[in-house]
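The chain contents come next:
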Amino acid sequence: MKTALIVISVIVILFLIFAFGGGYYMYRFAILRSKKMNNYWEEPLKPLKFAPPEMHEQMREGEKFIKSQKLERVSITSFDGLKLVGHVCDCENPRAVVILVHGYRSHPVNDFSCVYKFYKQMNFAMIAIDHRAHGLSEGKHIGFGVTESHDVVDWAKYAGERWRGVPVVLDGVSMGGATVMMGGEIGYPDNVRAIIADCGYTTPGAICKKVLKQWFHLPPFPLYYTAKMFVKLFAKYDLDGASSTKALEKIKEQGIPVLIAHGKADDFVPCSMSEENMKVFADGEAEFVLSEEAPHGMAFFYSHDEYIQAIHRLFTKAGIDVPEIE
């Protein structure tokens, strides 16, 4: 009997060490700001391992174009007191302002190198924002869209004050795609007229559980739940505290046109998540670009013509008059 109690006690202790030690590691691995995230405006883009050579070339050309523009560094203060930085590319009498919202541990030069010139040709002003805990913005913790959704609402308000009467378009990729959707739960100002959400996930919890299984071959219990506890304790937010799907209901009620895009070959954020988000628009109000061959975040490159046509239809719905540009 005594031996059995000892064995059970050892098993329980080992389980607790694994659960809490592993959860703390996952919190640090996924949430804390990376020390490797330098000033990408001064450093060249690093090639993406899964992108074809022709896309690398297009990204390099896009990077040169972005960095050749006259850019103004601007900042706002977040709801929790952080200095958030963006780079503005202005123009005379802009047709619209597009806020470029990058993905997890990425940056706008990387995520929008292939689309930046397209918006410039349409005479759009642009704000390429650095998420909290990314780039030049302050912050220790990445919020998976829970906290960033508040930030993008504030950037939309900044745009409304700077360009009075000019419509705003939110364009987000990956975590940025989820962020621009989640902002709908908070409520966008009236100047937000259209939303593009490329390969965004349904909820932070869902993508964390998926990555835990894919990368570490572990079930959600117990590590996800102990990591979630540490996130609440140190980062002060709930990984299950926001949902793109629920927020889209609010966006639909507000009457903001939406374009959702995703690649079927995406092995990071499953395409099924965008399909789930699209169920909110069962009556066909939203555009959906489903790229057959695109990996994560590359639908614009792989399905360029279809994507461009969908953007033009989106802007027509939003009342934004734009020229036909390939």
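Attention here is on the structure that accompanies the text. (Residues numbered from 1 in each chain as written. Predicted model: local features only at pLDDT ≥ 70, side-chain atom pairs only at ≥ 80, totals over all residues. Heavy atoms only, no water.)

Some words on the nonpolar core
Core analysis: the largest hydrophobic core is formed by 44 residues, its most contacted members being Tyr119, Phe124, Tyr307 and Phe315. When residues in this core are grouped by element, the largest group, seven residues, is from helix α12 (residues 304-318). Excluding anything up to four places from it in sequence, Phe124 contacts Cys89, Cys91, Arg95, Ala96, Val98, Tyr119, Val169, Phe315, Ile320 and Val322. Counting 37 residues, the second largest nonpolar core, distinct from the first, contains Cys91, Ala125, Tyr188 and Ala286. (Core = buried A, V, L, I, M, F, W, Y, C linked by side-chain atoms within 4.5 Å. Buried < 20%, exposed > 50% of the residue type's maximum accessible area, 1.4 Å probe, protein only. Helix = DSSP H or I, 4+ residues; strand = E, 2+ residues; numbered from the N terminus. Contact = heavy atoms within 4.5 Å.)

Considering the environment of Ser9
One can find Ser9 in helix α1 (residues 2-31). Look at Ser9 and you get partly exposed, because its relative accessible area is 38%. In this structure, the C-alpha to C-alpha distance between Ser9 and His102, residues 93 residues apart in sequence, is 47 Å.

Things to note about empty space enclosed by the protein
Inspection of every chain in the model, using the stated rule, returns one cavity of 30 Å³ or more. What the largest cavity holds in volume is close to 40 Å³. Residue lining of the largest cavity: Leu84, Ile129, Asp130, His131, Arg132, Glu148, Asp151, Val152 and Trp155, and that is the complete set. (1 Å grid on protein atoms, 1.4 Å probe; cavity = no way out; pocket = protein on both sides within 12 Å on 5 of 7 lines; lining within 4 Å. Points joined across faces, edges and corners; volume = space filled by probe spheres on them.)

Brief notes about the pairing of strand β3 (residues 96-101)
Taking burial as the measure, the six residues of β3 include six buried ones, the bulk of the element. Along β3, one buried face is formed by Ala96, Val98 and Leu100 and the opposite face, lined by Val97, Ile99 and Val101, is buried too. Looking at chain direction, β3 and strand β5 (residues 168-173) are connected through five bridges and run parallel. Bridge pairing in β5 links Ile99 to Leu170. (Pairing = 2+ DSSP bridges.)

Digging into the sheet that holds strand β2 (residues 83-89)
Strands sit in the order β1-β2-β4-β3-β5-β6-β7-β8 across an open sheet of eight strands; the sheet is mixed. Single-partner strands in this sheet number two, and they are β1 (72-77) and β8 (287-291). Averaged over neighbouring strand pairs, the angle between their axes works out to 20 degrees when direction is ignored. Where β1 meets β2, six bridges bridge the pair, whose relative direction is antiparallel. Considered in β2, the bridge of Ser75 is made with Val85. Helix α6 (residues 175-186) contacts β3, β5 and β6 (192-198) of the sheet and is inclined by roughly 140 degrees relative to β5. In the packing of helix α10 (residues 271-278) onto the sheet, the strands contacted are β7 (258-263) and β8, and the crossing angle to β7 comes to about 155 degrees. (Axes fitted to C-alpha atoms, helices over the stretch in contact; angles between N-to-C directions.)

Focus: the packing of aromatic side chains
Counted under the stated rule, the structure contains 20 aromatic pairs. Ring centres 5.1 Å apart and planes at 80 degrees place the aromatic pair Tyr224 and Tyr225 in the edge-to-face group. Tyr224 gets classed as buried once you look at its relative accessible area, which sits at 4%. What makes Tyr225 partly exposed here is its relative accessible area of 42%. With 6.1 Å between their ring centres and 0 degrees between their planes, Phe230 and Phe234 make a pair best called stacked. Highlighted residues: Phe230 and Phe234, both in helix α8 (residues 223-235), separated by four residues, approximately one helical turn. What makes Phe230 buried here is its relative accessible area of 11%. Put simply, the rings of Phe118, Tyr119, Phe124, Phe300, Tyr307 and Phe315 touch in pairs and so form one group of aromatic residues. (Phe/Tyr/Trp six-rings, centres within 6.5 Å; stacked < 30°, edge-to-face > 60°.)

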